[in-house]
Every structure is written in structure tokens, then in C-alpha cells.
Amino acid sequence: MHVVIIGSGIGGLCLAQGLRSAGVAVTVCERDAAVDDRYQGYRIGLNQHGLQALADCLPPRLYELVESTCGDQIGTRPVTDEQLRQTSDLGWVAGGTVADRRVLRHVLLTGLDADLRFGKQFTRYEELPDGTVRAEFADGTSTVADVLVGADGIGSAVRRQLLPHAVITDTGVRCLLGRTELTDRFARLVPGAGKVAIGPNATLMLGKMAFRRRPDQLAAQLPATADYLRWVLMVPSGQPTIDAATLTADWHPELRAVIAEQTTSSLISIRSAEPVPAWRPGPVTLLGDAIHTMSPSGGSGGNTALRDANLLRRKLIDSGRAGIGDYEAHMREYGFAAVAASLAALPTFVPQLT
Ligand SMILES: Cc1cc2nc3c(=O)[nH]c(=O)nc-3n(C[C@H](O)[C@H](O)[C@H](O)COP(=O)(O)OP(=O)(O)OC[C@H]3O[C@@H](n4cnc5c(N)ncnc54)[C@H](O)[C@@H]3O)c2cc1C
């Protein structure tokens, strides 16, 4: 069996690692020209599904590397107003695990060199009479596989062809996603697991990424990355840009300093997939954001992508292509439940929406 995976996000790479470990031929095709072509360095929380998937799919030495390069999330998560006056609390977090997405991708890429093609933008596929599927790319090349997996994220070209009726809804919330070096000053601002400051027009979410071990000191292929404060400025404006300095002009100076001292930031729109009714299983399937993109307010998009990868790996190894239908039935159930839970959590962080 030859499996072609479109997209080298955490879901696609986790599946590639799991299949490769079981001796299945796999090729990952990524549109970016190189691993660090775009900024991908935000922090994600890993839950038991995500960690289990990584433990099941990765060779032990790579799973150890994941564990060593994660950070711990522990303590309170106070909610304050924009002047840092506490208004409520999201509760105590014990034993949480956070990972830097860029570092995690570098770990997941380790050992896949021969199976990875950068600069391959998937455009369309064709099911062939012998039951195989041909994937075509923008550079005019193509490749034939027994199974084609669309792990190509929110704008999935595989999903557009397989499920043209699938709907992705824009919540209207825009996020400026940034990171600022974790100095003592900012560590004091977030002594526990996180902090949420809710102002009249925007919400600022703060969380620490303090690596258990410096990634580049553990393995030469990992990026040199220092500890940082991850912040997300969420605005229910529907506008194409966010002027963070103006929006927060009269906020507490410590909060403004986090934004002013940023090392990097990028703007994203929060979108959410509508549930898709069951479709006829075939040699083409989907995982992760490509099928069930969700608001980050639930902290489960990446974990659900990893869970998909683990389940699909198991079904393909146990039953070959015949396992795809089972995978899709189960994935639709927990995937769209996670989408609904994430959407329901959004007003907690963006009460300005209502
Ligand atoms: C601010 C923020 C915070 C988040 N926090 C969390 C969290 O705490 N916990 C959590 O679980 N999740 C979190 N998430 C969600 C998580 O990051 C995503 O759900 C996850 O990265 C999805 O992984 P994926 O592999 O499905 O897709 P992606 O990571 O989007 O990867 C898709 C890949 O496909 C490639 N691609 C796209 N189109 C093509 C094409 N035509 N041809 C070839 N390649 C293509 C892309 O370049 C990309 O590399 C957060 C997201 C955001 C924005």
C-alpha cells in the first residue's frame, strides 16, 4: 500500500510517522518550499488524545524528544479587565502540557526526508479504473497512490473536490497572534497557567511557553527558540486588520508592554466547519483542519488532528483501504463534537460578541 498525504502540518506528519514505523510506503506533499517558509510558531496545548497519538505514532526516541521540548502548564487562570482587576477565574490547571508548534513540526519531520516533497501544491485528484488515485500538482507533476489523505488544513483543496458542499463559517472574530520574549517581568504577569484580560473592544489571552529543555540543545535539527509569552488579541470586528496599539491605548501598561515588545505577530480569522453528513468512503479521505476546522477557544484543533492521524493509521494498518469508512464514521462523531464544544467556548473569551 502506498499512501500519499497532502500537507505537512502536525496531523499529516504524525500519520506519516505512524505509517512509516509500520512499514507502509508514504509520501508527504507540502506546498511550502521549505519547513520554515511561513511563521508557524505559536503554542498549542496537548491533551491526552494528542499525547497518546504522538506516543503511538512516533518511534520512542522521537516521542522522548517531544516530551523534552514541551512545557508545563500549571496554576490558576485569572480573568481580569483591561486594567488587570480580577473579575473571575477559569480554574486551576494541573499537569497541562504545551508545545511550540514549530518545534513539534521539526520533531515530526525527523527521519522523513526521503518521504517528503516540498514545493508540491496539490491541485486535484482523479480516481483511476484500477482503484488507485492520481494526485496532481501545480508544477505539472503527479503521483499515483492507493490512498490519498487530505491533511491540507482549513483551505483544503482535497476537501473542496471530495466534499464540495462542506461549509466553513466565519465567526467574525479576528486574532492577532503574537509572541514576546519571556522576561522576568512578563513571567510575573502570568505566574500561573495563563491570564485572560477582557476589555471593552478586545480580549488579550496570555500563556507561557517555557521549554523543559532548550530544543536546539537537545537535537541539532531543532530550531533555536527561547522561552516566550504567547498572546492572542481577539477582536470581534470582522475587520481585515487589527490596530493593536490603538485598541489597547488605555489598557494597563503591563498589557500594552507585552504587545509593544513582541518579536513577531500574525493575523488570523476564526472559522468553524459545519458538520458534514456521511459520504461514501473511497480511496480519498481527510484529517484535521481539512475536515473539522474549529475555533482555537477549545484548545482541541491540533489534538483532534493528531487523534485522526492515530485512528487512520490504525485502520489502514489493520484493514487497508477497507478501514477508511470506519475511520470516517468515528472521526466525524468526535471531530464535529469538538467543533461544537470549541464554538460554545468562544463567548467565554470574546464576550464582546454577544
Ligand atoms: C491561535 C491558535 C491557537 C491554537 N491552540 C491550539 C491548542 O492549544 N490546542 C490544539 O489542539 N489546537 C490549537 N490550535 C489549532 C491547531 O493549530 C490546528 O488545528 C492544527 O495545526 C491543524 O493541523 P493540521 O495538520 O490539520 O493542519 P495544518 O497545520 O493547517 O497543516 C496543513 C498543511 O497543509 C499544507 N497545504 C495546504 N494546502 C496545500 C496544498 N494545496 N498542497 C499541499 N500542501 C498544502 C499547508 O501548507 C500546511 O503545512 C490553535 C490554533 C490557533 C490559530
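The model shown is predicted, which means the values in this text are computed figures rather than measured ones.

Visitor: Provide a residue-level description of the nonpolar core, including the pertinent values.
Guide: Ile5, Leu54, Phe122 and Leu148 are the most contacted members of the largest nonpolar core, which totals 75 residues. Sort the elements by how many residues they give to this core and helix α12 (residues 324–349) lands first, with 7 residues. Discounting chain neighbours no more than four positions away, the residues touching Ile5 are Gly12, Leu15, Ala16, Val26, Thr27, Val28, Cys29, Val149 and Ala151. Core analysis: the second largest hydrophobic core is formed by 20 residues, Ala202, Leu204, Ala244 and Ile259 among them.

Visitor: I'd like to hear about the pairing of strand β5 (residues 78–81), residue by residue, with values.
Guide: Two faces make up the sheet, and in a regular strand the side chains alternate between them. Going residue by residue along β5, you find Pro78 and Thr80 tucked away on one face and Val79 and Asp81 tucked away on the opposite face as well. The pairing of β5 with strand β6 (residues 86–89) spans 3 bridges and is antiparallel. Each residue of the ladder has a partner; that of Val79, found in β6, is Ser88. Counted along the chain from β5 to the antiparallel partner β6, the turn is 4 residues long, and its residue Leu84 has a positive phi close to 70°. Sheet analysis places β5 next to strand β14 (residues 195–198), joined by 3 bridges and oriented parallel. The residue bridging Thr80 from the neighbouring strand is Ala197, located in β14.

Visitor: So, helix α3 (residues 60–69): which residues are in play, and what are the values?
Guide: Of the residues making up α3, those classed as buried are Leu62, Tyr63, Leu65, Val66 and Thr69. What you see down the axis of α3 is that its buried residues fit within an arc of 155°, all on one side. More than 90 degrees from the buried face of α3, the exposed residues found are Pro60, Arg61 and Glu64. Packing partners of the buried residues in α3 comprise α1 (10–21), α2 (48–57), β4 (71–75), α4 (101–109), β15 (203–209) and α7 (215–218).

Visitor: An account of unusual backbone geometry is requested, with residue identities and associated values reported.
Guide: Of note in the backbone geometry, Leu84 takes a positive phi value of approximately 70° without being a glycine. Inspection of the secondary structure assignment puts Leu84 in the loop between β5 and β6. The exposure class assigned to Leu84 is partly exposed, which follows from its relative accessible area of 23%.

Visitor: Before we move on, can you summarise the sheet that holds strand β16 (residues 228–235) with the specific residues and values?
Guide: The mixed open sheet is built from 7 strands, whose spatial order is β6-β5-β14-β15-β16-β13-β17. The outermost strands of the open sheet, each flanked by one partner alone, are β6 and β17 (262–273). Adjacent strand axes in the sheet meet at a mean angle of 25°, parallel and antiparallel pairs treated alike. As paired strands, strand β13 (residues 168–181) and β16 are joined by 8 bridges and run antiparallel to one another. Note on β16: the bridge partner recorded for Arg179 is Arg230.

Visitor: For the pattern of salt bridges, give the residues involved together with the corresponding values.
Guide: Following the criterion strictly, the structure yields 17 salt bridges and no others. The salt bridge involving Arg31 is made with Asp32; its shortest N-O contact spans 3.9 Å. Residue Arg31 is classed as exposed on the basis of its relative accessible area of 53%. Linking Lys315 and Asp326 is a salt bridge whose minimum nitrogen-to-oxygen distance equals 3.5 Å. In this pair, Lys315 is assigned in helix α11 (residues 301–319) and Asp326 in helix α12, connecting sequence segments 11 residues apart. Here Asp326 falls in the partly exposed class, since its relative accessible area comes to 48%.

Visitor: Please provide a residue-by-residue account of the UniProt feature "domain: FAD-binding" (unreviewed entry) in the protein chain, values included.
Guide: Taking the UniProt record as the reference, the feature "domain: FAD-binding" (unreviewed entry) is found at residues 2–318. Between the end C-alpha atoms of residues 2–318 there is a gap of 15 Å, over a span that is 29% helix and 33% strand.

Visitor: Give a detailed account of the pairing of strand β2 (residues 25–29), specifying residues and quantitative values.
Guide: A large share of β2 lies buried, amounting to 4 of its 5 residues. Of the strand pairs in this sheet, strand β1 (residues 2–6) and β2 are connected by 5 bridges, and their pairing is parallel. Bridge pairing links His2 to Ala25 in β2. With α1 bridging β1 and its parallel neighbour β2, the resulting β-α-β unit is right-handed.

Visitor: Account for the packing of aromatic side chains, with residues named and values stated.
Guide: Taken as a whole, this structure holds 2 aromatic pairs when the rule is applied. Aromatic side chains Phe122 and Phe137 sit 6.5 Å apart centroid to centroid with 80° between the ring planes, which places their arrangement in the edge-to-face category. A residue pair is termed long-range when its members are at least 10 positions apart, and Phe122 in strand β9 (residues 122–127) and Phe137 in strand β10 (residues 133–137) qualify at 15 residues. Here Phe122 and Phe137 have matching classes, each one buried. Positioned over the ring face of Tyr228 is Arg179, at 3.6 Å from the centre of the ring. It is Arg307 that lies over the ring of Tyr334; its NZ or CZ is 3.8 Å from the centre.

Definitions and cut-offs
Residues numbered from 1 in each chain as written. Predicted model: local features only at pLDDT ≥ 70, side-chain atom pairs only at ≥ 80, totals over all residues. Heavy atoms only, no water. Core = buried A, V, L, I, M, F, W, Y, C linked by side-chain atoms within 4.5 Å. Buried < 20%, exposed > 50% of the residue type's maximum accessible area, 1.4 Å probe, protein only. Helix = DSSP H or I, 4+ residues; strand = E, 2+ residues; numbered from the N terminus. Contact = heavy atoms within 4.5 Å. Pairing = 2+ DSSP bridges. Arc of directions from axis to C-beta. Axes fitted to C-alpha atoms, helices over the stretch in contact; angles between N-to-C directions. Salt bridge = Lys/Arg side-chain N within 4 Å of Asp/Glu carboxyl O. UniProt positions renumbered as here; feature names shortened; annotations may be inferred. Right-handed = clockwise from strand over helix to strand, strands pointing away. Phe/Tyr/Trp six-rings, centres within 6.5 Å; stacked < 30°, edge-to-face > 60°. Lys NZ or Arg CZ within 6 Å of the ring centre and 35° of its normal.

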